[in-house]
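Residue strings, one per chain:
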Amino acid sequence: MKLDSINARIAPRTPWQAMDMGTHLYRAWWKPLTLIWLMFSLPLLALVLWLTYSGSNAWALLLFWWLKPLMERPLLEFCARQLFNQDASIGTLLKDFHHYALPGLLPWLLWRRFYLTRSFSVPISQLERLSGRDYRERCRVLSIGTPNRAMMLTFLMAHIELVLSYSFTVLVMMLLPGQYYLSNVDWFLQSNNNATLGLITWYITLSVLEPLYVTSGFALYLNKRTWLEGWDLELGLRRLGQRRGQANLTALLMCMLPLLAFSVPDAQASAAPRAGEAQQQAVEILAGDDFMPTHIEQTWQLRNKDSAMEKEEDPQNSWLYRLLSWLFDGAGGITGRDDSSLPSLAEILRIVLWSVAISLLLWTLWHYRNWLASLPRRWRSTTSPITHIAGLDIRRESLPDDLQQAVMEQAQRGNYRQALSLLYRGTLSQLASTANFAVLPGATESEVLDYCQQTHPDRPGVLLLGEITALWMDVAWAHRLPGTEQITLLSQRWQHHFVAPAKTAQTAP
Amino acid sequence: MTTPQTLADAGQLARSIEDTVSTVLVGQQQVVREVLLALISSGHVLLEGVPGLGKTLLVRTLSHCLQIDFARIQFTPDLMPTDVTGHAMFDQKTEQFRIRKGPAFTQLLLADEINRASAKTQSALLEVMQERQITIEGKCFPLAPPFMVLATQNPLDQEGTYPLPEAELDRFLFKTMIDYPVIEQEAKIVRMVLDGTISDSLNVSALNTLCDAEGVLALQHFATTVSLDDGVIDYALRLVRSTRDQNGLSRGAGPRASIALCIAGRAQALMEGRDFVIPDDIKSVARPVLRHRIQLSADAEIEGQTVESLLNRLLDQVPAPRQ
């Protein structure tokens, strides 16, 4: 980057002002930026649309989101070239695509894809061509001083993107006939047409927001470098030099060397100074508006802000660290000092925060109590044998050892209902012992039978279950008692189906 | 055309009516079944569905097959109660008041788009539905049995409508959802109209008549003789009571729902050819009986739940009776 050729007025700004500068950049270059975005993203959109038509709606949306860093690279390259008066034509960008877009891309599509400071960090790797340890060291250097707010920029943009694309979709939906009306949040994945419409509205939103996101992040990056490397000073001095001649400039630079030693590391002087004259000029420059325009600003600030700012550089003084240490260690954590007047207030706040956290936990447990209560049942259904079907106890322990004899005894005593009940439970128990059953408590006898017929149509006991169920329903709901012969016949068939094959299997060598 | 003499005959007649109506109203078997169940149970039906799905055709076909009177009222915001029930008119020739009976003096009344009328007119219909009599100028006129109201409401266009109050909704035995037929059934309808098998002009005169008002009354009588075990009644009660403490419902069903479940369960058993009610009968009529008697809470609506999904969950959770 040649600072001489920079195409903007560089000045140290607050991060929010820097983002505003990004917005100005976008407004100045919105036509080429949008064109570049469309050129490099439309092929990918076509691929993603094809995926939605082939039914992979969720994958298509995920793929498009995942490859956003790739589509942002030409935008950033354009901004950098345009700012430094280099050739930023679309043809050049297309020709050089593999030079600037592919090197260092892989980490941005893998673990760095989830970096919330992407807009700020990508210029470090893409424009400065840094990777690995150099990249990390450079990031560390650029994180010195006031926070750059790149994370906040990502949060803001993500929310604006979500709101705008969803609103745009709803607007389109409102113009469609009623049967397509948006009814719930997972609407996008319900059909291919829905996913296509959702994707297109999202893409249109991105066509505005992505260039804005890149320019804002780039402006943050430039601003940070301006603060740390004194770009504004360097440019100001160079302008002066141009005005007053090369000799004067070098003298001035030599004079100011002690002043600039910490802020302009790459500013070098190549000629010896003429001390008296240079000193006089330096005083004039420092007093002039060109060097540092002065303006008065009135703001509200805390009384102990100075001491707080001093502590900010220490990571232990970050608000998150202090909040966590305060929550777990006590009031000293948040105040950073042992102030006897604050603990009582801090203690109250701590109790309130803990109460809120516990209440949230309890509310979550209460809200999902049905689902949580069903978890043991679900685990049991996959790990342990079935003990109940449709509310009936079918454990072997709950049934007599010799079921046929017990059934006959009940039938001879005239307890036909108990006899049939035993037979019914015994049949279900036998069927469940060799097959997986998933019958809900609300299932009726007919539904249990239907379930068995659908899931285990080949099992010999299912036919018997059908006959027992029909007889059982007659007894239970119509109060028609069967004859002893019917029960005897059914119990014999039960024995034949379930007990005889088991005994044969046991006696076989 | 016969009047059934036994419960088995009644079941057979009910099924033949269902088959005949289903030949005209293709692809709406569930709707036909529920309307017939309501007729046998002496109840009224609230039909909800978009226009053009055959609601009028259904009523015309029923009226023709059962040889009972039919009338239709198109409810509008300016409809007055006297437009439904009738009024007393001064006859200048005889110098006396003469009663002019309204369209409600019929046996099968189609109240189209009932929620477009004002609450006052809806209340007039409420008396007709509940009391089965109409009072004009202090004089009561009982309606000729069988009397049944099929009210329709349009779910799409809710502007300028007066939602039915809970008290009136409770008077309907069933709320039946009439939806678009599946593609095969729709294709069948188109082919039948093109072949001339059925007419698209609501002309049902070619259909056979199956019984008359006496036959319908006999069906209703035999339905009351179907036996109902205490365990099944208990199941119906548990289903209804579970709606009152169900998570996601702000309003549960009242005692009328329990009664409706048992009555409709009997009709269902009759149509299945049984002389006793089994839990499946109760379960099969639970959705149309309960769906208009319960109200989703705001939380459940925000979570995307529907009355149908909640009812399905409830039917899965409430244990079926075991004797």
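Residues numbered from 1 in each chain as written. Chains lettered and ligands numbered in written order. Predicted model: local features only at pLDDT ≥ 70, side-chain atom pairs only at ≥ 80, totals over all residues. Heavy atoms only, no water.

**Considering the overall build of chain B**
Point 1. Each helix and strand in chain B was counted, giving 13 helices and 11 strands.
Point 2. Relative to its 323 residues, chain B shows a buried fraction of 53%.
Point 3. Long-range contacts, defined here as pairs at least 24 residues apart, represent 78% of the contacts in chain B between residues at least 6 apart.
Point 4. Put simply, chain B shows about 14600 Å² of open surface, and 51% of that area lies on carbon and sulfur atoms. (Helix = DSSP H or I, 4+ residues; strand = E, 2+ residues; numbered from the N terminus. Buried < 20%, exposed > 50% of the residue type's maximum accessible area, 1.4 Å probe, protein only. Contact = heavy atoms within 4.5 Å. Areas by Shrake-Rupley, 256 points an atom, 1.4 Å probe, with all protein chains shown as cover.)

**Side note on the overall build of chain A**
Point 1. Counting its regular elements, chain A contains 23 helices and two strands.
Point 2. For chain A, with 509 residues in total, the buried portion stands at 40%.
Point 3. Put simply, 70% of the contacts in chain A that link residues at least 6 apart link residues at least 24 apart.
Point 4. Accessible area for chain A stands at about 30000 Å²; split by element, carbon and sulfur atoms hold 61% of it.

**Remarks on the nonpolar core**
Point 1. Formed by 114 residues in total, the largest nonpolar core has its most connected members in Ile17, Leu58, Leu150, Phe174, Leu239, Leu261 and Leu270 of chain B.
Point 2. Of the residues forming this core, the biggest block, 11 residues, is contributed by helix α22 (residues 460–478) of chain A.
Point 3. The residues touching isoleucine 17 of chain B, leaving out its near neighbours within four places in the chain, are Leu36, Leu62, Leu66, Leu210, Cys211 and Leu219 of chain B.
Point 4. Membership of the second largest hydrophobic core comes to 59 residues, among which are Met71, Cys79, Leu83 and Tyr203 of chain A. (Core = buried A, V, L, I, M, F, W, Y, C linked by side-chain atoms within 4.5 Å.)

**Remarks on the interface of chain A and chain B**
Point 1. Every contact between the two is made by 23 residues of chain A and, on the other side, 23 residues of chain B.
Point 2. Each partner contributes to the roughly 1800 Å² buried at the junction of chain A and chain B, and carbon and sulfur atoms together form 52% of this total.
Point 3. Lysine 283 of chain B serves as the salt-bridge partner of glutamate 447 of chain A, at 2.6 Å between the closest nitrogen and oxygen.
Point 4. Taken together, the connections running from chain A to chain B amount to seven residue pairs in polar contact (both at pLDDT 80 or more).
Point 5. Looking at the side of chain A that touches chain B, the elements that each hand over two or more residues are α18 (369–383), α21 (445–455) and α22 of chain A.
Point 6. Among the elements that take part in the side of chain A that touches chain B, α22 of chain A stands out by supplying six residues, more than any other. (Buried area = accessible area lost by both parts, 1.4 Å probe. Salt bridge = Lys/Arg side-chain N within 4 Å of Asp/Glu carboxyl O. Polar contact = N/O pair within 3.5 Å; in protein donor to acceptor, adjacent residues only side chain to side chain.)

**Some details on the environment of methionine 89 of chain B**
Residue and element names in this part refer to chain B.
Point 1. Mapping methionine 89 onto the fold places it in strand β3 (residues 86–91).
Point 2. Residues methionine 89 and arginine 100 lie 11 residues apart in sequence; the distance between their C-alpha atoms is 6.7 Å.
Point 3. For methionine 89, the contacting residues outside a window of four places in its chain are Gln96, Phe97, Arg98 and Arg100.

**A few points about the pairing of strand β7 (residues 139–142) of chain B**
Residue and element names in this part refer to chain B.
Point 1. With four bridges joining them, strand β6 (residues 133–136) and β7 adopt antiparallel strand pairing. Each residue of the ladder has a partner; that of threonine 135, found in β7, is cysteine 140.
Point 2. Linking two consecutive strands that pair antiparallel, namely β6 and β7, is a turn of two residues; a positive phi of about 55° is found at glutamate 137 within it. (Pairing = 2+ DSSP bridges.)

**Topic: the packing of aromatic side chains**
Residues and elements named next belong to chain A.
Point 1. Scanning all chains against the criterion turns up 16 aromatic pairs over all chains.
Point 2. Ring plane angle 25° and centroid distance 5.9 Å describe the contact between tryptophan 37 and tyrosine 203, whose orientation is recorded as stacked. Linking tryptophan 37 in helix α1 (residues 15–53) with tyrosine 203 in helix α10 (residues 192–229), this pair joins segments that are 166 residues apart in sequence.
Point 3. Residue tryptophan 37 is classed as buried on the basis of its relative accessible area, which comes to 1%.
Point 4. Between tryptophan 66 and phenylalanine 114 the ring centres are 5.5 Å apart and the planes differ by 80°, which places this aromatic pair in the edge-to-face class. Placement of the pair is tryptophan 66 in helix α2 (residues 57–66) and phenylalanine 114 in the loop between α6 (105–109) and α7 (118–126), with a sequence separation of 48 residues.
Point 5. An aromatic cluster of three or more residues is present, and its members are Trp37, Phe64, Trp202 and Tyr203. (Phe/Tyr/Trp six-rings, centres within 6.5 Å; stacked < 30°, edge-to-face > 60°.)

**Concerning the state of the cysteines**
Point 1. Taken as a whole and assessed by the stated rule, the structure comprises zero disulfides over all chains.
Point 2. Cysteine cysteine 65 of chain B remains unbridged, with the sulfur of cysteine 211 of chain B as its closest cysteine sulfur at 8.7 Å. (Disulfide = S-S within 2.5 Å.)

**Some remarks on unusual backbone geometry**
Point 1. A cis amide bond links proline 145 of chain B to the next residue, proline 146 of chain B, at an omega of -5°.
Point 2. One non-glycine residue, asparagine 85 of chain A, lies in positive phi territory at about 60°.
Point 3. For asparagine 85 of chain A, the location among the structural elements is in the loop between α3 (68–83) and α4 (90–95).
Point 4. The backbone of arginine 132 of chain B sits at a positive phi, close to 55°, despite the residue not being glycine.
Point 5. Considering the arrangement of structural elements, one finds arginine 132 of chain B in the loop between α5 (119–131) and β6.

**As for a nonpolar patch on the surface**
All names here are of chain A.
Point 1. A surface patch of nonpolar side chains, amounting to about 710 Å² of accessible area, comprises Trp16, Leu116, Met151, Met152, Phe155, Leu156, Ile160 and Leu164.
Point 2. The element that contributes the greatest number of residues to the nonpolar patch is helix α9 (residues 150–174), accounting for six residues.
Point 3. Relative to the elements of secondary structure, leucine 164 occurs in helix α9.
Point 4. Residue leucine 164 is classed as partly exposed on the basis of its relative accessible area, which comes to 42%. (Patch = residues over 30% accessible without salt bridge, like charges linked within 9 Å, V, L, I, M, F, W, Y side chains within 5 Å.)

**Description of the confidence of the model for chain A**
Residue and element names in this part refer to chain A.
Point 1. Of all residues in chain A, 73% have pLDDT values of 70 or greater, and the mean over the chain is 77.
Point 2. Predicted confidence in chain A is weakest over helix α16 (residues 331–335), with a mean pLDDT of 48, and strongest over α3, with 90.
Point 3. In this model residues 260–273 is a low-confidence stretch, pLDDT under 50, and it forms 21 contacts with partners more than four residues away in sequence or in other chains. (pLDDT = per-residue confidence, 0-100.)

**Comments concerning the sheet that holds strand β8 (residues 148–153) of chain B**
All names here are of chain B.
Point 1. The five strands lie next to each other as β2-β5-β8-β1-β9, forming an open sheet whose pairing is parallel. Strand pairing shows two members of the sheet lacking a second neighbour, β2 (70–74) and β9 (174–177), which therefore form its edges. Sheet twist, expressed as the average angle between the axes of neighbouring strands with direction ignored, equals 20°.
Point 2. Where strand β5 (residues 108–112) lies against β8, four bridges are found, and the strand directions are parallel. Each residue of the ladder has a partner; that of leucine 109, found in β8, is valine 149. (Axes fitted to C-alpha atoms, helices over the stretch in contact; angles between N-to-C directions.)

**Here's the deal with the pattern of salt bridges**
One side chain can pair with another of opposite charge once the charged atoms of both are near each other.
Point 1. The tally for this structure, following the rule as stated, stands at 26 salt bridges over all chains.
Point 2. For arginine 118 of chain A, the salt bridge goes to glutamate 72 of chain A, with nearest N and O atoms at 2.5 Å. Of this pair, arginine 118 of chain A sits in helix α7 while glutamate 72 of chain A sits in helix α3, and the two are 46 residues apart along the sequence. Both residues of the pair, arginine 118 of chain A and glutamate 72 of chain A, count as buried.
Point 3. Across the pair arginine 274 of chain B and aspartate 281 of chain B runs a salt bridge, and its minimum N-O distance is 2.7 Å. As far as burial versus exposure is concerned, arginine 274 of chain B and aspartate 281 of chain B are alike and both buried.

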